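# Close look at the chain arrangement
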Number of protein chains: 2
Amino acid sequence: MGKALIIGCGGVASVAIHKCCQNSGEFTEICIASRTVAKCEALKEKLEKTTDTKITTAQVDANDVDALIRLIQEVKPDVVLNLALPYQDLTIMDACLATKTHYIDTANYEPEDTAKFEYKWQWAYRKRYEEAGITALLGSGFDPGVTGVFSAYALKHYFDEINYIDILDCNAGDHGYPFATNFNPEINIREVSAKGSYWEDGRWVETEPMEIKKVYDFPEVGPKDMYLLHHEEIESLALNIPGIRRIRFFMTFGQSYLNHLRCLEDVGMTSIEPILYEGKEIVPLQFLKAVLPDPSSLGPRTKGKTNIGCIFRGKKDGKEKNIYIYNVCDHQECYREVGSQAVAYTTGVPAMIGAMLVMNGTWRGPGVYNIEEFDPDPFMDALNRFGLPWKVSETPELVED
Amino acid sequence: MGKALIIGCGGVASVAIHKCCQNSGEFTEICIASRTVAKCEALKEKLEKTTDTKITTAQVDANDVDALIRLIQEVKPDVVLNLALPYQDLTIMDACLATKTHYIDTANYEPEDTAKFEYKWQWAYRKRYEEAGITALLGSGFDPGVTGVFSAYALKHYFDEINYIDILDCNAGDHGYPFATNFNPEINIREVSAKGSYWEDGRWVETEPMEIKKVYDFPEVGPKDMYLLHHEEIESLALNIPGIRRIRFFMTFGQSYLNHLRCLEDVGMTSIEPILYEGKEIVPLQFLKAVLPDPSSLGPRTKGKTNIGCIFRGKKDGKEKNIYIYNVCDHQECYREVGSQAVAYTTGVPAMIGAMLVMNGTWRGPGVYNIEEFDPDPFMDALNRFGLPWKVSETPELVED
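Residues numbered from 1 in each chain as written. Chains lettered and ligands numbered in written order. Predicted model: local features only at pLDDT ≥ 70, side-chain atom pairs only at ≥ 80, totals over all residues. Heavy atoms only, no water.

### Side note on the side chain of His-260 of chain A
To be explicit about the condition: For the purposes of this entry, the term helix denotes a DSSP run of H or I that reaches at least four residues, the term strand denotes a run of E that reaches at least two, and both are numbered from the N terminus. The buried label applies to any residue whose accessible area, calculated with a 1.4 Å probe on protein chains only, is under 20% of its type's maximum; exposed applies above 50%, and partly exposed to all values in between. Any two residues whose heavy atoms approach within 4.5 Å are treated as being in contact.
Looking at the element boundaries, His-260 of chain A is found in helix α10 (residues 255-267). We classify His-260 of chain A as buried; its relative accessible area is 4%. Here His-260 of chain A is in contact with Pro-178 and Phe-179 of chain A together with Cys-263, Asp-266 and Val-267 of chain B, once residues within four sequence places are set aside.

Next comes the structure, spelled out in structure tokens:
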């Protein structure tokens, strides 16, 4: 029983808020705050007849620490669940510190200008959070998030030591368009054009963009091409999983998707440099977004499933052992339940769970924590209850080395 | 020795005008007329110090028959060389008829709204041109144009009858961009998305777009993918080459070019339906053209060769016989000579030659003629003299059936 202040009102926040309202026993009250208060109001209006959770709304600029402090002082929440932009993690952490309020987020801080995903900025708050006696839970989405919980769970119940982790993120959803993006295509471009990296024997190994491609036969989905990418949870898992020798992250991309993206990049349509068109400066990427299907139109038409999970290789009682823990999520079922497809759903549900566990004191400790540092069992239990049931395979297909 | 009025001042016209100026013994005077007289002036200024040909310029709207008649009456040319847009063939033919002036063009009339390439509209002028005692020479470019001359030449010197013609148009030029077009990408799109067709046993056979693909090892160029397309000269050759059983036309397209074109089409960037962007209607195709490299920037950087020609299969003295007549043209050499690459060069040179042969009376006869109806020998001779030397192979690789 507690009160959460949720900052942000986009796709992931919408799922988390739906889930809080399904869990009124824990979330007796929530306040939804975002720059555009009308979005918060609309969600409140849709949900308040369906739930015992009391819903209030507020307008806030998440870049403004003083405004955030005033809001927290006014709302007096037990926890702040940050579902705003990753650029805004630090201002919200500052406001929580000033008001001694617990903090939960789903994606690590990245400076707006460098797009470097690293935990160092948020880990720098450890001592101050300890001294303030409050908890910050970092990365309570799916990946990072559930992948860390799966790792802690595997270590607790299946292994004496885990030596290899392969994190596999497969989105086999099909929206029926030859090409469309769920969000800003610039972020997609950056993802596929950035160097990859993985952790091995105590150091980072860098790869060329999309250099390492594997085919994996995903349970309930089938064989898909996947590519090794850098991903933020590797950084914390490398520190928190004893005995670890290698961690890799793979994400699936379809050939057609990559082909379209590269062609658009080739001709300059993904450029963020404005061109002069009939006397007006237009950014090609912005025009492309206007030509592409509206991302909000994809939800109702996306069919198929996601499969996200981790393959662990390690030792138990002196013997080698492999475990695959994964969740399969259906785009259409998610849409029917909360009006969002599986990409937002799989991030929004763990955000609610993380906030719940910190709020009710199950996960609590002064300082800044990554998710795998807490006892995974209550989180794993909540995943089953709140729409992201997981499976364990003890005879998984391994990803080739 | 005569005077030509050249209507149009684009890439092909620029080549033809350069070539007239290299041939001052025939073209003692030319008048360059276009909608934008500044382009004509610029060309005049560049060329007049290099040539004995007297150059004048004029402004004219080629859609306006009365304006054309006034211009012809004022300039008093021996011939009108039409290098304007294909939509404008009929207005210029009308003006030539009214002023009893010989007419030459390079591409057959197409109504602006239907994009149907057919000779019927221009052939309908036959009787009127006969009665006026003037000559219209249709299609004096390369294809149509030189391909018809090659056909007449093969028939005259190598065959008793020609049964099969395969016209092969290969552009192996590389401008170094992942994707760029020499002209309006809309025309490219239309070309690759239109149904193909060929002539066989007295009738048209239609194919799906890009359905028939062959690989051909072009002399001096190497193996290239080529696709069967409809092309206008098939229509006249089918009538003018006795004994013909089949005529096909193939054009090379690179995989990367086709792939980019299809991706752009997929996402809607080649659409001619305007979208609303920041309160302004913008046609995606027009915006794409603004993002793509300026076609005029391609000339200096295009490397490689074109190879355009015809493979003839027929009989001579009762025996089967195969002949391949082709021209190879180097983009860089063309650019050094006239400031245009080979695509414009291979059309502009035959335009000048056709105008010359009609003007000096070598090719003359009241009526409307396709190029293969005249004696090919003087044209073949002029090709060698004016930069498009041709070769004959008596042991060509055949295109598979």
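Now that the structure has been shown, the text picks up again.
### Concerning the packing of aromatic side chains
The description of two aromatic rings rests on the distance between their centres and on the angle between their planes. Residue and element names in this part refer to chain A. Selection criterion: Two aromatic rings, drawn from Phe, Tyr or Trp (for Trp, its six-membered ring), form a pair once their centres lie within 6.5 Å of each other, and the interplanar angle then sorts them: stacked below 30 degrees, edge-to-face above 60, tilted otherwise.
The final tally for this structure, using the stated rule, is 36 aromatic pairs over all chains. Taken together, a centroid distance of 5.2 Å and an interplanar angle of 65° make the contact between Tyr-153 and Trp-390 edge-to-face. Separated by 237 residues along the polypeptide, Tyr-153 in helix α7 (residues 146-157) and Trp-390 in strand β18 (residues 390-393) bring together distant segments of the chain. In this pair, the class of Tyr-153 matches that of Trp-390, namely buried.

### Section: the sheet that holds strand β2 (residues 27-34) of chain A
All names here are of chain A. What counts here: Any two strands are treated as partners once DSSP identifies two or more bridges connecting them. In this analysis, axes come from line fits to C-alpha atoms, helices being fitted only over the stretch in contact, and the angle between any two N-to-C directions falls in the range 0 to 180 degrees.
Spatial strand order, β3-β2-β1-β4-β5-β6-β17: 7 strands in an open sheet with parallel pairing. The open sheet has two free edges, formed respectively by β3 (54-59) and β17 (367-370), since each of these has just one partner strand. Averaged over neighbouring strand pairs, the angle between their axes works out to 20° when direction is ignored. As judged from the 2 bridges shared by strand β5 (residues 102-105) and strand β6 (residues 135-138), these two strands associate in the parallel manner. Residue pairing for β6: Tyr-103 is matched across the bridge by Ala-136.

### Comments concerning the interface of chain B and chain A
Quick note on the threshold: The term buried area denotes the loss of accessible surface (1.4 Å probe radius) that occurs when two parts are joined, taken as the sum for both partners. Basic side-chain nitrogens of Lys or Arg form a salt bridge, by our definition, when they fall within 4 Å of a carboxyl oxygen of Asp or Glu. A 3.5 Å cut-off defines polar contacts: any pair of N or O atoms within that distance qualifies, except that in protein one atom must be a possible hydrogen donor and the other a possible acceptor, and neighbouring residues in sequence count only when both atoms are side-chain atoms.
Of the residues lining the interface, 23 residues belong to chain B; the matching set on chain A comes to 23 residues. A buried area of about 2,100 Å², summed over both sides, lies between chain B and chain A, and 75% of it is on carbon and sulfur atoms. For the pair chain B and chain A, the number of links is 2 salt bridges. At the surface where chain B touches chain A, the tally comes to 3 residue pairs in polar contact (both at pLDDT 80 or more). If you list the elements that add at least two residues to the side of chain B that touches chain A, you get α10 (255-267), β13 (275-277), β14 (280-282) and α11 (284-291) of chain B.

### Details of the domain arrangement of chain A
Residues and elements named next belong to chain A. The condition is simple: Delimitation of the domains relies on an automatic or database domain assignment. Residues are grouped as follows: Ala, Val, Leu, Ile, Met, Phe, Trp, Tyr, Cys and Pro are nonpolar; Asp, Glu, Lys and Arg are charged; every other residue, Gly included, is polar.
As far as domains go, chain A holds domain 1 (1-136) and domain 2 (144-338). Taking only C-alpha atoms into account, the centre of domain 1 sits 25 Å from that of domain 2. Across the contact, 15 residues belong to domain 1 and 9 residues belong to domain 2. Together, the buried faces of domain 1 and domain 2 total about 990 Å²; carbon and sulfur atoms form 50% of this surface. Where domain 1 packs against domain 2, one counts 1 salt bridge. Across the salt bridge formed by Lys-19 and Glu-337, the nearest N and O atoms sit 2.6 Å from each other. Taken together, domain 1 and domain 2 are joined by 4 residue pairs in polar contact (both at pLDDT 80 or more). For the side of domain 1 that touches domain 2, the elements supplying multiple residues, two or more each, are α1 (11-21) and α5 (120-123). The biggest single contributor to the side of domain 1 that touches domain 2 is α1, with 3 residues. Split into classes, the residues belonging to the side of domain 1 that touches domain 2 amount to 6 nonpolar, 4 polar and 5 charged.

### Brief notes about the relation of the copies chain B and chain A
Copy one and copy two of the chain differ by a rotation about a common axis and a shift along it. Inclusion rule: The fit set for superposing copies consists of C-alpha atoms from residues with pLDDT of at least 70 in both; the fit itself is least squares.
Note on the identical chains: chain B maps onto chain A by a rotation of 179° and an axial translation of 0.2 Å, with an RMSD of 0.1 Å. Given the turn and translation reported, the copies of this chain are related as if by a two-fold rotation axis. In terms of C-alpha distance to the rotation axis, chain B has Cys-263 of chain B as its closest residue, with the C-alpha 3.3 Å off the axis. Taken as a fraction of all interface residues of chain B, those also at the interface in chain A reach 100%, which identifies the copy contact as same-surface.

### Some thoughts on helix α12 (residues 331-338) of chain B
All names here are of chain B. Short version of the rule: Arc definition: directions from the helix axis to the C-beta atoms.
Among the residues of α12, His-331, Cys-334 and Val-338 are the ones counted as buried. Buried residues in α12, looked at end-on, bunch into an arc of 65°, giving them a common side. Buried residues along α12 sit against α1 (11-21), α2 (37-47), β7 (161-171), β15 (305-316), β16 (319-330) and α13 (342-359). The residue sitting at the N-terminus of α12 and contributing the capping side-chain oxygen is Asp-330; that oxygen lies 3.0 Å from the backbone nitrogen of Gln-332. Positive phi appears at Gly-339, one or two residues downstream of α12, with a value of about 75°.

### A look at the environment of Pro-219 of chain A
All names here are of chain A. In this fold, Pro-219 is placed in the loop between β10 (213-218) and β11 (222-228). Pro-219 gets classed as partly exposed once you look at its relative accessible area, which sits at 21%. Sequence-wise, Pro-219 and Gly-309 are 90 residues apart; in three dimensions their C-alpha atoms are separated by 11 Å. Not counting residues up to four positions away in its chain, the partners in contact with Pro-219 are Asn-307, Tyr-324, Tyr-326 and Val-328.

### A look at the environment of Met-210 of chain A
Residue and element names in this part refer to chain A. For Met-210, the position within the fold is in the loop between β9 (203-207) and β10. In this structure, the C-alpha to C-alpha distance between Met-210 and Cys-170, residues 40 residues apart in sequence, is 15 Å. Ignoring any residue separated from it by four or fewer positions in sequence, one finds Met-210 in contact with Val-192, Tyr-227, Leu-229, Phe-253, Leu-258 and Arg-262.

### Here's the deal with the pattern of salt bridges
All names here are of chain A. Tallied over the entire structure, the rule returns 40 salt bridges over all chains. Two residues, Lys-3 and Glu-29, come together in a salt bridge whose shortest N-O distance is 3.5 Å. One end of the pair, Lys-3, is in strand β1 (residues 2-7); the other, Glu-29, is in strand β2, and 26 residues separate them in sequence. Neither Lys-3 nor Glu-29 differs from the other in exposure class; each is buried. Residues Arg-313 and Asp-401 are paired through a salt bridge, measuring 3.5 Å at the closest nitrogen-oxygen approach. Note that Arg-313 is positioned in strand β15 (residues 305-316) and Asp-401 in the segment after β18, a separation of 88 residues in sequence. Beyond isolated ion pairs, a larger network of salt bridges with shared partners links Asp-166, Arg-246, Arg-248, Arg-313 and Asp-401.

### As for the sheet that holds strand β5 (residues 102-105) of chain B
Residue and element names in this part refer to chain B. One open sheet holds the 7 strands; their spatial order is β3-β2-β1-β4-β5-β6-β17, and the pairing between them is parallel. Where the open sheet ends on each side, the last strands, each with one partner, are β3 (54-59) and β17 (367-370). Taking each pair of neighbouring strands and ignoring which way they run, the sheet shows an average axis angle of 20°. Note that strand β4 (residues 79-82) and β5 share 4 bridges and pair parallel. What sits directly across from Asn-82, in β5, is Asp-105. Along the sheet, helix α3 (residues 65-75) makes contact with β1 (2-7), β2 (27-34), β3 and β4, crossing β1 at roughly 155°.

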